[in-house]
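One letter stands for each residue in the lines below.
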Amino acid sequence: MSDNQILQGDSLEIMKSMETSSIDCVIVDPPYAGFNLGRGPRQYWASFKPFFDEMVRVAKDPKRICLSQPQGRQEIFKAQMQSPQSVVLRDAFIDKRGRDAFFLLQNPLTSEVADEENWPSDIVPKTIHPNERSINQMAVLVKMMSRPGELVFDPFCGSGAIGVAAVLLGRRHLGIELMEDRADDARARLEAAEQAAKARG
Ligand SMILES: C[S@@+](CC[C@H](N)C(=O)[O-])C[C@H]1O[C@@H](n2cnc3c(N)ncnc32)[C@H](O)[C@@H]1O
């Protein structure tokens, strides 16, 4: 069986079935709105907290967790996390939610912001996802949060951009996506990343 997997379903339910301290790090880019997560910062946090609590439970100590949130919710999230480092990825142009992407990194392996990658755009198939992140930019977070061989977990994986970057960088990946067509799409991209990683040795 592959070291990498995309599960389809509600990540809260799936995480509840996962073992405590079973993954090396979480890197996640949850929906900014919708999916019953609410719009105001406090309402959003209240809906998101059960997911966050499960991410903390399944992560090994010292709980390496990296998540994206818009600027308007940074303060409330910072207050809930353990002194997270802010990393802004400029011109996150593939994503339609704004020009830049804001990530909070709790317990990164290094505070030095890593370099983006320069993989060709056809290294994995194009996605059907409307809010795809750039795999070259996701590489920055993968390098800061994980070591080669470790398991990178993304419970809202969408097009699988974080997983694709993780696999291309020699990490293992577990992703969860609610929508069946998006989960199939992410699986195809992850398989292409496995092939590309093998071909590159
Ligand atoms: C912002 S997108 C992720 C984008 C992703 N980082 C990428 O680069 O493609 C968030 C994803 O979470 C999924 N989602 C929403 N609620 C979910 C849930 N309860 N469990 C799992 N996935 C969920 C959505 O279908 C959506 O694809």
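Everything numeric in this text was worked out from a predicted model, so none of it was measured.

Rules used in this analysis
Residues numbered from 1 in each chain as written. Predicted model: local features only at pLDDT ≥ 70, side-chain atom pairs only at ≥ 80, totals over all residues. Heavy atoms only, no water. Salt bridge = Lys/Arg side-chain N within 4 Å of Asp/Glu carboxyl O. Helix = DSSP H or I, 4+ residues; strand = E, 2+ residues; numbered from the N terminus. Near = heavy atom within 4 Å. Polar contact = N/O pair within 3.5 Å; in protein donor to acceptor, adjacent residues only side chain to side chain. Areas by Shrake-Rupley, 256 points an atom, 1.4 Å probe, with all protein chains shown as cover. Nonpolar A, V, L, I, M, F, W, Y, C, P; charged D, E, K, R; others polar. Phe/Tyr/Trp six-rings, centres within 6.5 Å; stacked < 30°, edge-to-face > 60°. Lys NZ or Arg CZ within 6 Å of the ring centre and 35° of its normal.

A. Local environment of the pattern of salt bridges. Counted according to the given criterion, the structure contains 16 salt bridges. Ionic pairing is found between Arg-90 and Asp-100, a salt bridge with its closest N-O pair at 3.0 Å. Residue Arg-90 is located in the loop between strand 4 (85–89) and strand 5 (101–106), and its partner Asp-100 is located in the loop between strand 4 and strand 5; the two are separated by 10 residues in the primary sequence. Each of Asp-24, Lys-60 and Arg-172 takes part in a single network of salt bridges with overlapping partners.

B. Structural detail: the site of the ligand. Near the ligand, the surroundings consist of 23 residues, among which Asp-10, His-129, Arg-133, Ser-159 and Glu-177 are the closest. Here Asp-10 contributes a side-chain N or O atom positioned 2.8 Å from a nitrogen atom of the ligand. Contacts to the ligand include His-129, whose side-chain N or O atom sits 2.7 Å from an oxygen atom. Protein chains bury 97% of the 600 Å² of accessible surface belonging to the ligand in isolation. Across the shell around the ligand, the residue classes break down as 10 nonpolar, 6 polar and 7 charged.

C. Layout of the packing of aromatic side chains. Tallied over the full model, the rule gives 8 aromatic pairs. An aromatic cluster is present here, built from Tyr-44, Trp-45, Phe-48, Phe-51, Phe-52, Phe-77 and Phe-156 joined pairwise through their rings. When the ring centre of Tyr-44 is taken as reference, the NZ or CZ atom of Arg-73 above it lies at 3.4 Å. The residue whose ring lies beneath Arg-97 is Tyr-32, and the NZ or CZ to ring-centre distance is 4.0 Å.

Function cannot be inferred from these measures alone, as they are strictly geometric.
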